[in-house]
Amino acid sequence: MRKMGRKIMAFAAAAAMAAGVPSAVFAEETSEAAEESGDLLEAVDLEDIIPDETVTLDVFDQLANYSGEQVGWFGQIMLDKFNVKLNIISQPDKSVYQTRMESGDLGDIVIWGNDGDDYLKAIDQGMLYDWNEDDLLADYGPYINAHMQAALEKNASLSDDGTVYGFGHAVASSAKDLQSFLYTWDLRFDLYQQLGCPEIKNLDDMIEVLKQMKEICPTDDNGNPTYGVSLFNDWDGNMVMFVKSTATAYYGYDEFGFGLYDPDSNTFYPCLDKDGPYLEMLKFYNKLYQAGLVDPDSQTQGYNGMLEDYQNGTAFLNVFNFLGSALYNGDSHLQAGKAMYPVKPEDAKPIVYGQSIYGGNRIWSIGANTEYPELCMAIINWLSTPEGVMTYNYGPKDVCWYYDEDGYTHFTDIGKAAKTDITTEMPAPYSGTFDDGQFKMNNETWALDSKNPDSNGETYNYRNWKSFSSAAGSEIEQQWRDWAGAETPDQYMLKQGKYTVSPGTMFSDGAHSDELQVEWDQVATCIKNGSWSAIYANSDEEFDQIVDQMISDAGSYGYEDCIAFQKEEAVRRSEAEDAAEAASEE
């Protein structure tokens, strides 16, 4: 009976698309229908695929900050539910991908940093599993099949023959809403208060405030020197991550190849334009460095070093909320009247992403040579269910969170403690701290701000739960609320009225030719190395010399060819945004 329900849904999807029904309309209608259909919501029958002996699955993950076995509470859940251990294989550099491609085996589960060249080459070389082969998706991914048809359609459009090899991250249940803000300009609000809450109109004002903060707070929790910012290079791609992200936080321009793209004007800004946003933000970080406000270990410390800095109060500002307030605002800091909260420069117009029923560009897929395709699909399917999403975000059900009798979502005492202090010890049968067991795949299935169908109309985002968005949890939070005139960071950011919306679309990066890819890799290395050198320049003159040399070197490696390609991509992206806007008005 369950199989027939799934096949009817698959047939209905195909018929709807053949009849010209917009995928967005079909996806929302089928999602509603699926919620009413017990057949479609049945869990995967795992009895036939759970191995008798514990199996180790390799997870090749271009997004991971961690390598090795998934341990702790999430590792235990995987062992209990699927009798598997997960071996996370990260990609600190491109050689890992190249080596695995040459070996002919990417891994069992494969997670892609984007749906561009690496992913497309894996498809061309037969390295990924066809999700419709032998009804793999229908039989072992029923929740995905029932609820993510638009995301599956987008994925099919990436391959020449329309084969589904996975789906993109952060799928939304509705195309009508915005995601929560990520770029919130989290600042040490207690220190800001001590300074009298001076006006921060622009980046220069922010530098002056950070200078004054260092004067009144010269050491962190451990007696080490403080800085305005602490950086790391683990997430650098075509450019230095923090530099391009600050342009996104300030101007609302989205990272786009070797440059930034403005969704408001459909304008592409190459990163090495002398008056462009990337070099402007590079100079911002150099100004901070020359003022003694950049942790000197930033280029070498890695993600974990940065994480410890923000947990210990070593740095005062982070443009990301998940690297700022989420790390610093532990219970001990809050009770001591210390916290990081959004204090956006008046001129800043940070990006906020529209919800996308098509999903993003970070792909969940399965390696073609896995011995356990059904098991891999069942795991990805579970991660796409409400229980799976809640678990990988917040911990085990009933241990860290629960639904009350009215269906509203709550943290347990342990869950709330773990959310503000990741060193919280987990109770038996789990071992270690919450941090030890955190979900190491570093990707998501549903967008955090999507509706959680298991709850009473709430989303997966704890900041918007009825149980959480009530009275301030501390005196310092109430002080920030009074100053901001808002109860939540999102309310504050929206109230400011300056932000840029990037709509969810069907756009995906185009493929590079082999010749362009060689140039691309050389240019990327040149820009990243040159940018870090420029950040550490000891004078304006040295900064200018380094930037000029970087521009010259990038030009010799083929920068102009890369930019010509990306300008064509900008045209395609603009067309996709126009199509998404037209569809949303239907």
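Residues numbered from 1 in each chain as written. Predicted model: local features only at pLDDT ≥ 70, side-chain atom pairs only at ≥ 80, totals over all residues. Heavy atoms only, no water.

Further remarks concern the environment of Glu577. Counting through the fold element by element, Glu577 comes out in helix α24 (residues 559–584). The buried category is assigned to Glu577, whose relative accessible area is 5%. Taking the C-alpha atoms as reference points, Glu577 and Tyr253, separated by 324 residues in sequence, lie 15 Å from one another. Contacts of Glu577, omitting those with residues within four sequence positions, involve Tyr261, Pro263, Asn266, Pro503 and Thr505. (Helix = DSSP H or I, 4+ residues; strand = E, 2+ residues; numbered from the N terminus. Buried < 20%, exposed > 50% of the residue type's maximum accessible area, 1.4 Å probe, protein only. Contact = heavy atoms within 4.5 Å.)

Between side chains of opposite charge, pairing is possible as soon as their charged atoms come close. A complete count under the given rule lists 14 salt bridges for this structure. In this structure, Lys274 and Asp548 form a salt bridge, with 3.0 Å as the shortest nitrogen-oxygen distance. With a gap of 274 residues between them, Lys274 in the loop between β9 (267–270) and α13 (277–290) and Asp548 in helix α23 (residues 540–557) connect regions that are remote in the sequence. Looking at Lys274, the relative accessible area reads 53%, which means it is exposed. We classify Asp548 as partly exposed; its relative accessible area is 39%. Of the charged contacts in the structure, one is a salt bridge between Arg481 and Glu477, with a shortest N-O distance of 3.2 Å. In this pair, Arg481 and Glu477 both sit in helix α20 (residues 475–484), 4 residues apart, roughly one turn of the helix. Just as Arg481 is buried, Glu477 falls in that class too. Through salt bridges that share partners, Lys201, Glu346 and Asp347 make up one connected network. (Salt bridge = Lys/Arg side-chain N within 4 Å of Asp/Glu carboxyl O.)

On average, residues of the protein chain score 91 in pLDDT, and 92% of them reach the 70 mark or higher. In this model residues 1–42 is a low-confidence stretch, pLDDT under 50, and it forms 52 contacts with partners more than four residues away in sequence or in other chains. (pLDDT = per-residue confidence, 0-100.)

Once that is clear, we can look at the packing of helix α12 (residues 241–251) against α13. The N-to-C vectors of α12 and α13 enclose an angle of 110°; their axes lie 8 Å apart at closest approach. As judged from the angle between their axes, α12 and α13 are roughly perpendicular. Judged by residue contacts, Phe242, Val243, Lys244, Thr246, Ala247, Tyr250 and Tyr251 of α12 engage Pro277, Tyr278, Glu280, Met281, Leu282, Phe284 and Tyr285 from α13. Looking at side-chain class alone, the contact of α12 with α13 contains 11 nonpolar, 1 polar and 2 charged residues. (Axes fitted to C-alpha atoms, helices over the stretch in contact; angles between N-to-C directions. Parallel < 35°, antiparallel > 145°, perpendicular 65-115°, else oblique. Nonpolar A, V, L, I, M, F, W, Y, C, P; charged D, E, K, R; others polar.)

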